Amino acid sequence: MNLFRFLNLRLKGYTVLLIVFLSGCSQKPDFKTFPKIDAHVHLETSDDSFVQVLKENNFKLMTLVTGSASQPVINEEFDFAKALHDKYPEFISFATTFSMDGFGEPGWQQRTIEWLQESFDKGAIAVKVWKDIGMTFRDKDSSFIMIDDERFDPVWDFIEAQNKTLVNHIGEPRNCWLPVDSMTVPGDKKYYSNHPQYYMYLHPGYPSHQELMEARDRMLKKHPGLRYVGCHLGSMEWDVNVQAKWLDNHPDCALDMASRIEHFKVQDPDKVRKFIIKYQDQLLYATDISVQDENPDFTTRNQVEEVLNQVWLKDWEYFTTDKIIENSSSGKYKCLNLPVSVLSKIYSENALKMYPGFGLKR
Ligand SMILES: [Zn+2]
């Protein structure tokens, strides 16, 4: 289809009509200058040398404090995120999390809400809830505490009332519950073979993948006004049709792609491309990279330069070109060549919409 754009320019009283043909010569977006947000990273460092790489490549980050640990552990990660946000509010925003210590006992809800209030006052714009809710914490009767547990309801209500976002890693890739032969990506085959303790197929006493998905959906049904981002394609990574159905049923929710782009690559590329275009308002580019203090010889600048080359540029190639690529980790796959308007949404507009306050100083 030919696209015409008519531009009226008034020059010294004359009207000049420019007809610009965009078909066939549409401008390829430029990586360095295109506005980009990685909506799911973990920054645990006081070495801010990596921020220069962000500036040079017009990349901004949403860092998630994660894991429902005890408060001192949370505080440590929180303080890293807050300090980076305070210094570089335009480039780094962050989500807080809360502790499960004392869950179910009197005072837990009040204490948690007070902590979240303090977090928001200090600049957090979202609350991360990790997979340990649903897969680790157990009640007094030893049943697993699921995300739709009514004892969480006042917390979700508070997040909604404060106009903040719940960002939730629920469950694991479905492969975690399947025999190795039936897994859909090589990375999962390797990971679960090497980590039997996390391989749910070997632990039938744990909630099933479906039970975790259903608990999430029951929680969302109780809280229709809660702004919700599901991490890792909502653990529905194996089939874009499953994601499509869920996104249809939850039109105000979104999914981040963190650590799951490999799962797109093993599906039919035309189907994946159509899916991303159709759900362009509900998908967020994200990677799950982590940046930590290591040693002085490998600064965070070095670390993020490696991320740039190994992850960000490769993902960019996947989304923006029509190349056919073959490598050992993903096999052979076709790149998606997405329209620029769709790239704008998945690379930044949707993150700005789902995380109000992103890039602003508190
Ligand atoms: Zn993560």
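Here the structure is a predicted model, which means the values were calculated and not measured.

The next point concerns the overall build of the protein. When its secondary structure is counted, the protein shows twelve helices and 13 strands. In terms of C-alpha radius of gyration, the protein reaches 22 Å, essentially the compact-globule figure of 21 Å for 362 residues. Referenced to the eigenvectors of the C-alpha coordinate spread, the extents of the protein come out at roughly 80 × 50 × 50 Å. The buried share among the 362 residues of the protein stands at 40%. Here the contacts in the protein between residues at least 6 apart in sequence split such that 72% fall between residues at least 24 apart.

For the rest of this paragraph, the subject is unusual backbone geometry. At His232, a position not held by glycine, the phi torsion is positive, near 55°. For His232, a count of 24 C-beta atoms within 10 Å translates into the label buried. If you check the backbone angles, Asn337 has positive phi at about 50° while not being a glycine. Its place among the elements puts Asn337 in the loop between strand 13 (331-334) and helix 12 (340-354).

Moving on, we get to the pairing of strand 6 (residues 126-129). In strand 6, alternate side chains face the same way, and those of Ala126 and Lys128 on one face and Val127 and Val129 on the other are all buried. Two strands pair when backbone bridges link them, and strand 5 (residues 92-96) and strand 6 are joined in this way by two bridges, in the parallel orientation. Following the sheet pairing, Ala95 is matched in strand 6 by Ala126. The parallel pair strand 5 and strand 6, bridged by helix 3 (residues 108-121), forms a crossover whose chirality is right-handed. Summarising the sheet, strand 6 and strand 7 (residues 165-168) pair through four bridges and their orientation is parallel. Within strand 7, the residue paired with Ala126 across the bridge is Thr165.

We now examine the pairing of strand 8 (residues 227-230). Consecutive side chains along a regular strand alternate between the two faces of the sheet. Burial along strand 8 is two-sided: Arg227 and Val229 facing one way and Tyr228 and Gly230 facing the other are all buried. Examined bridge by bridge, strand 7 and strand 8 share four bridges and lie parallel to one another. Directly across from Asn168, in strand 8, lies its bridge partner Gly230. Sheet topology places strand 8 next to strand 9 (residues 254-256); two bridges connect them, and they run parallel. In the sheet register, Val229 faces strand 9, and the bridge partner there is Ala254. Handedness of the β-α-β unit built from strand 8, helix 8 (residues 240-249) and strand 9 comes out right-handed.

By the secondary structure assignment, Tyr192 is in helix 6 (residues 186-194). With 15 residues separating them in the primary sequence, Tyr192 and Trp177 have C-alpha atoms 9.8 Å apart. Discounting chain neighbours no more than four positions away, the residues touching Tyr192 are Asn175, Cys176, Val180, Tyr198 and Tyr199.

Whenever strands of a sheet pair, they do so through backbone hydrogen bonds, lying parallel or antiparallel. An order of 10-9-8-7-6-5-4-3-11 is seen for the nine strands of this open sheet, with the pairing classed as parallel. Of all strands in the sheet, those bounded by a partner on one side alone are strand 10 (283-284) and strand 11 (290-292). Taken together, the four bridges between strand 4 (residues 59-64) and strand 5 define a ladder with parallel strand orientation. Paired with Leu61 across the strands is Ile92, a residue of strand 5.

In this structure, Leu360 sits in the segment after helix 12. Classification of Leu360 by C-beta neighbours within 10 Å gives exposed; the count is 12. It is 9.1 Å that separates the C-alpha atoms of Leu360 and Gly123, two residues lying 237 residues apart in sequence.

Once that is clear, we can look at helix 11 (residues 300-320). At Leu308, helix 11 shows its maximal bend, which comes to roughly 40°. Every buried residue of helix 11 is listed here: Thr300, Gln303, Val304, Val307, Trp312, Trp316, Tyr318, Phe319 and Thr320. Summarising the contacts, the buried residues of helix 11 are in contact with helix 1 (51-57), strand 4, helix 9 (261-265), strand 11 and helix 12.

We now examine the nonpolar core. One recurring pattern in soluble globular proteins is that nonpolar side chains are buried together. Met62, Ala95, Val127 and Leu284 are the most contacted members of the largest nonpolar core, which has 81 residues in total. In this view, Ala95 contacts Leu64, Val65, Ala124, Ile125, Ala126, Val127, Lys128 and Val167; residues no more than four positions away in its chain are not counted.

With that out of the way, let us pick up the confidence of the model for the protein. Put simply, the protein has an average pLDDT of 92, and 93% of its residues get 70 or more. Here residues 1-25 scores under 50 on pLDDT; set against residues more than four positions off or in separate chains, the count is 19 contacts.

Right, let's talk about helix 12 for a bit. In a regular helix each residue adds 1.5 Å, so 15 residues correspond to 21 Å; helix 12 covers 20 Å between its end C-alpha atoms and thus fits that length. Within helix 12, the axis deviates most sharply at Ile346, by approximately 45°.

To continue, consider the environment of Leu61. Secondary-structure assignment places Leu61 in strand 4. You can call Leu61 buried: it has 31 C-beta atoms within 10 Å. Sequence separation of Leu61 and Pro269 is 208 residues, and the distance between their C-alpha atoms is 28 Å. When neighbours within four sequence positions are excluded, Leu61 is seen to be in contact with Asp38, Val41, Leu43, Leu54, Phe91 and Ile92.

Reading the values: the criteria
- Residues numbered from 1 in each chain as written.
- Predicted model: local features only at pLDDT ≥ 70, side-chain atom pairs only at ≥ 80, totals over all residues.
- Helix = DSSP H or I, 4+ residues; strand = E, 2+ residues; numbered from the N terminus.
- Rg over C-alpha atoms; globule rule 2.2 N^0.38 Å.
- Buried ≥ 20, exposed ≤ 12 C-beta atoms within 10 Å, placed from the backbone.
- Contact = placed C-beta atoms within 7 Å.
- Pairing = 2+ DSSP bridges.
- Right-handed = clockwise from strand over helix to strand, strands pointing away.
- Bend = angle between axes of the 7 residues up to and from the residue.
- Core = buried A, V, L, I, M, F, W, Y, C linked by C-beta atoms within 7 Å.
- pLDDT = per-residue confidence, 0-100.
- Expected span 1.5 Å × (residues − 1).

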